[in-house]
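The chain contents come next:
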Amino acid sequence: DWEADIVDVETAFLYGNLEEEIFMKMPEGIDVVLGDKVGDDDCLLLLQTIYGLVQAARQYHKKFLQVMTKDLGFDKCLADTCLLRRSNENGTLIVCVYVDDILCIGERRAIEALKRELAEFFEVKDEGAMEEYVGCSVIRNKAGDIILHQPHLLKRIKAEFQDELEHVRQTTTPAGSGDAIVKMTKEEKDEGGLTGHRQTRYRSGVGMLLYLVKFSRPDIANSVRELTKAMDCSNDKHYKSLLRVLKYVLTTSNLGIEYDSGKTINFRGKWKIVAFCDSDFGGDITDRNSVSGFCIYVGDYLISWKSRAQRSVSLSSTEAEYYAVSEVAMEIMFIKNLLEFLGIDIDFPITVNCDNVGAIFLSQNARNNNRTKHIDIRAHYVRQFIEDGILKIVFVKSADNEADVFTKNVSNKIFERHATKNLVDVGQKQEGC
């Protein structure tokens, strides 16, 4: 039940303090102001940062953090320096910084106090209550439910691809079950593919889909990951697959990710974190790299998801699953650090669901043999977390593994069960706004 406001720092990059001596050519028209005082070899010595300098963003960020921590008494999160927190007589306040956009979350008194304090150091503009942040709409209804949706991006996709999508068959999934979207041998790549305008459109379409996956559409994560593999060598088949994903996205444009206030999470007690991880052994038919996927819940809320190819070729399904466990452990530790900085108690051990018995055994037993001694050392650090009681790896049936949809294209039944589990119809939910 906290509130969220956005404050914008006007001309943010002009506040940074320079640490080097930087000279600038005289700008055109300055002789009108200075007249004969300007010589042919004269230049300007910069006293502050200006727009266009390579270090302008960094110096502004240092200046802003200095004001927030030293002057206003905020604590800085070591896991993410763009996250700050303060508790005083006005209440608790959390601040998230994205360049010059400052997201203030907390009690109303604390938010208003920060706005007055920031005005003493910067020229700020009060944007009011958060309705959109970094390109994602944040919808909050009277019941307290929060929905993340990206209608502006969906409209842009429709405007750019509508003519081509009119002849594309409507489907209930972004890709066919068991099919690899990007199938390409070396010979096909050497023959070339899309050129000019169509290649640009392919990259543009994939770029917009990536931004959808980032905030509000985890259901298309695996399909978009496969499309990105052909950014420099796409052909007609890849373009057709792109249109299918775009058609699916526009057909389901009413969907958004929901954080339902009615779901059970004990905000006054310890917060429970649950993760699912999976891999598709040798899933990339070109280089035979496996694919890792995971999703992480805090309480009943999906907060993090990923689908990505592994960096090296795995020699067994156990090895591929073990790497997937390692990757989800890294993300869990990041989330753990954030929550602890915010003063939230976590219910340990954190449960990680995995559907491979061999990977579970490998994570719990520091034993080497001919099949495992080559595994990269960086993957073994998950064992320390298990020994310290931070993580617990448990077995889950493949049919119940929610991360399955992040590693491969699945059947309609499985896709509907897992991929769209956390998505809702935005129109229906907005009725209570």
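Here goes a summary of the coordinates provided. These numbers were taken from a predicted model, which means no experiment stands behind them.

### Points about the sheet that holds strand β18 (residues 423-425)
Logical step 1: With antiparallel pairing, five strands are arranged side by side in an open sheet as β9-β10-β11-β12-β18. A single partner strand is all that each edge strand has here, and the edge strands are β9 (132-133) and β18.
Logical step 2: Relative to strand β11 (residues 146-149), strand β10 (residues 136-140) runs antiparallel, the two sharing four bridges. In the sheet register, V138 faces β11, and the bridge partner there is L148.

### A word on the state of the cysteines
Logical step 1: As enumerated under the stated definition, the model contains zero disulfides in all.
Logical step 2: Free of any disulfide, C354 has its nearest neighbouring cysteine sulfur in C277, separated by 4.5 Å.

### A closer look at the pairing of strand β14 (residues 291-298)
Logical step 1: With eight of eight residues buried, β14 lies mostly within the body of the structure.
Logical step 2: Burial along β14 is two-sided: the residues V291, G293, C295 and Y297 and S292, F294, I296 and V298 are all buried.
Logical step 3: With eight bridges connecting them, strand β13 (residues 273-280) and β14 associate as antiparallel partners. For D278, the partnering residue across the bridge sits in β14 and is G293.
Logical step 4: Bridge count for β14 against strand β15 (residues 301-309) is eight bridges, and the pairing is antiparallel. When the bridges of β15 are listed, C295 appears paired with W305.
Logical step 5: If you look at the hairpin formed by β14 and β15, you'll find two residues sitting between the two strands, and G299 has a positive phi there, around 65°.

### A few points about the pattern of salt bridges
Logical step 1: Evaluated as defined, the whole model comprises 18 salt bridges.
Logical step 2: Taking the shortest distance from any N to any O, the salt bridge between K115 and D5 comes out at 2.7 Å. Note that K115 is positioned in helix α3 (residues 108-118) and D5 in strand β1 (residues 3-9), a separation of 110 residues in sequence.
Logical step 3: Residue classification places K115 among the buried positions, given a relative accessible area of 11%.
Logical step 4: Residue classification places D5 among the buried positions, given a relative accessible area of 3%.
Logical step 5: One salt-bridge network, in which partners are shared between bridges, spans E3, D5, R108, E112, K115 and D126.

Calculation criteria
Residues numbered from 1 in each chain as written. Predicted model: local features only at pLDDT ≥ 70, side-chain atom pairs only at ≥ 80, totals over all residues. Heavy atoms only, no water. Pairing = 2+ DSSP bridges. Helix = DSSP H or I, 4+ residues; strand = E, 2+ residues; numbered from the N terminus. Disulfide = S-S within 2.5 Å. Buried < 20%, exposed > 50% of the residue type's maximum accessible area, 1.4 Å probe, protein only. Salt bridge = Lys/Arg side-chain N within 4 Å of Asp/Glu carboxyl O.

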